[in-house]
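# Examination of the molecular architecture
This is what each chain is made of:
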Amino acid sequence: MIVVGERIHIISPKVKAAIEVRDTKAIQELALQQVESGSHFLDINIGPSKKSGVEVMEWIVDAVQNATDLPLSLDTTNAAAMEAGLKKVVRRAMVNSATAEQVRMTNMMPLAAKYGAELIALTMTEQGIPGDASGRASVALDLITAAAEYGIPSDMLYLDPLVLPVSADQAGVKETIESIRVFKQLVEPAPKTIVGLSNVSNGAPNENRSLINRVFMVMCLAAGLDAAIVDPMDRELIETARIVETRDTSTPVGRILCSLYDSVAAMEEFDPSVVDTSDYEQLAIYKTVQILTNQIIYAHSYLKV
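Residues numbered from 1 in each chain as written. Predicted model: local features only at pLDDT ≥ 70, side-chain atom pairs only at ≥ 80, totals over all residues. Heavy atoms only, no water.

What the eight strands build is a closed barrel, ordered β1-β2-β3-β4-β5-β6-β7-β8; its pairing is parallel. The average angle at which neighbouring strand axes cross in this sheet is 30 degrees, direction not considered. Note that strand β2 (residues 41-45) and strand β3 (residues 72-75) share four bridges and pair parallel. Residue pairing in the sheet places D43 in a bridge with S73 of β3. Contacts from helix α5 (residues 102-114) reach β4 (94-99) and β5 (118-122), with the element oriented near 150 degrees to β4. (Pairing = 2+ DSSP bridges. Helix = DSSP H or I, 4+ residues; strand = E, 2+ residues; numbered from the N terminus. Axes fitted to C-alpha atoms, helices over the stretch in contact; angles between N-to-C directions. Contact = heavy atoms within 4.5 Å.)

Orientation of helix α10 (residues 252-265) relative to helix α11 (residues 280-292), taken along the N-to-C sense of each, is 15 degrees, at an axis distance of 10 Å. When the interaxial angle is binned, α10 and α11 end up roughly parallel. Where α10 crosses over α11, the handedness of that crossing is right-handed. Facing α10, whose interface residues are P252, V253, I256, L257 and L260, α11 presents E281, Q282, I285 and V289. A breakdown of the residues in the contact of α10 with α11 according to their chemical character gives seven nonpolar, one polar and one charged. (Parallel < 35°, antiparallel > 145°, perpendicular 65-115°, else oblique. Left-handed = near helix turned anticlockwise from the far one by under 90°. Nonpolar A, V, L, I, M, F, W, Y, C, P; charged D, E, K, R; others polar.)

Applying the stated rule across the entire model yields 11 salt bridges. E55 is paired through a salt bridge with R22; the nearest N and O atoms lie 2.4 Å apart. Within this pair, whereas E55 is found in helix α3 (residues 53-65), its partner R22 is found in the loop between α1 (13-21) and α2 (24-36), the two being separated by 33 residues in sequence. Judged by relative accessible area, which is 38%, E55 ranks as partly exposed. Notably, a salt bridge pairs E236 with R214, separated by 3.5 Å at the nearest N-O pair. Residue E236 is found in helix α9 (residues 235-246), and its partner R214 is found in helix α8 (residues 206-223); the two are separated by 22 residues along the sequence. Accessibility expressed as a relative area gives 48% for E236, which makes it partly exposed. Looking at R214, the relative accessible area reads 13%, which means it is buried. One network of salt bridges, in which partners are shared, links E239, R242 and D248. (Salt bridge = Lys/Arg side-chain N within 4 Å of Asp/Glu carboxyl O. Buried < 20%, exposed > 50% of the residue type's maximum accessible area, 1.4 Å probe, protein only.)

All chains considered together, the criterion is met by two aromatic pairs. Where F270 meets Y286, the ring centres are 6.1 Å apart and the plane angle is 40 degrees; that geometry is what we call tilted. One end of the pair, F270, is in the loop between α10 and α11; the other, Y286, is in helix α11, and 16 residues separate them in sequence. In this structure F270 comes out as buried when scored by relative accessible area, which is 10%. Y286 gets classed as buried once you look at its relative accessible area, which sits at 17%. Taking 5.9 Å as the distance between ring centres and 45 degrees as the angle between the ring planes, the aromatic pair formed by Y298 and Y302 counts as tilted. As far as burial versus exposure is concerned, Y298 and Y302 are alike and both buried. (Phe/Tyr/Trp six-rings, centres within 6.5 Å; stacked < 30°, edge-to-face > 60°.)

Residues I8, I27, I60 and M109 are the most contacted members of the largest nonpolar core, which totals 49 residues. Beyond its immediate stretch of four places on either side in the chain, I8 contacts V15, I27, L30, A31, Q34, D43, I44, N45, I60 and V64. Membership of the second largest hydrophobic core comes to 47 residues, among which are V166, M217, V244 and I256. (Core = buried A, V, L, I, M, F, W, Y, C linked by side-chain atoms within 4.5 Å.)

Take the pairing of strand β8 (residues 227-230) next. Both faces of β8 are covered, namely the face carrying A227 and I229 and the face carrying A228 and V230. Pairing of strand β7 (residues 192-196) with β8 involves three bridges; the strand directions are parallel. Bridge pairing links V195 to A228 in β8. Running through α8, the crossover from β7 to the neighbouring parallel element β8 is right-handed. (Right-handed = clockwise from strand over helix to strand, strands pointing away.)

In this structure, the largest pocket occupies an estimated 820 Å³ of space. Taken together, 32 residues make up the lining of the largest pocket; nearest its centre are E6, H9, N45, N199 and I229. At the level of elements, β1 (2-9), α1, β2, β4 and β5 are the ones that each hand at least two residues to the lining of the largest pocket. Looking at which element gives the most residues to the lining of the largest pocket, the answer is β1, with three residues. Partitioned by chemical class, the residues of the lining of the largest pocket number 12 nonpolar, 11 polar and nine charged. In this structure, the second largest pocket occupies an estimated 350 Å³ of space. Every element with two or more residues in the lining of the second largest pocket is listed here: α7 (172-183) and α10. At five residues, the largest contribution of residues to the lining of the second largest pocket is made by α7. Residue composition of the lining of the second largest pocket, grouped by class: seven nonpolar, three polar and six charged. (1 Å grid on protein atoms, 1.4 Å probe; cavity = no way out; pocket = protein on both sides within 12 Å on 5 of 7 lines; lining within 4 Å. Points joined across faces, edges and corners; volume = space filled by probe spheres on them.)

As structure tokens, this is what we get:
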């Protein structure tokens, strides 16, 4: 799985403060921490930044590139700031992101094409996010077609089905996973797929979020996920990815995770017989599978039931 580190984000008080005073060292420390934790890309999210977007993007791209040569994902809705960042990048970047909304499409796709960048494309229209995999696949095809018209091949696209919180749209989790599976089959060469992983646990208690993210990640990987925007400092998350990617079944948890992966990949029900319910860690994984597959109703206290 391609790990896109998410920690340089304007919603972070630390990042916001660093941007306000142009604290290069603080940004570089965040970048290096994510490099050391195994990131393959670093996402730089400056938000809309309408007044000073160009200058902020130029400064922050320089700051990060002076600390690491990891490729960057540039994340802003400000087209001028996006172009300023693309002019600065040394290695091929990601443009994060276009949607099927006309303004976002016509602002971002030409920039990705002009600078040879990969493009994250969100399956969202002016009417919102389709509720099922079929609707998202239809939007994805529109995005693929539009990108091709700008000269962006399908394998330069990262299609994002847009993850919604399990606490708010429990039934939608399965549709998101199915969307990933369908996206990989739409055209040849197949587009890549990406998710903002932690969205699935938004609104959940902090102590449950990493577990929900990890189990959801395994299910998405089994459906064909290529990349995820994540907190690479979550060591358990990175370890979970390693377990399923290397098929490490040397521990009971490893056997459960690989069994879960296999069942989703085969579009079969997860077999609970592999779970030792007397072991809390194994039982917690199984209960999380149940809420993500809509077998039991989500509640913040689901692990205590």
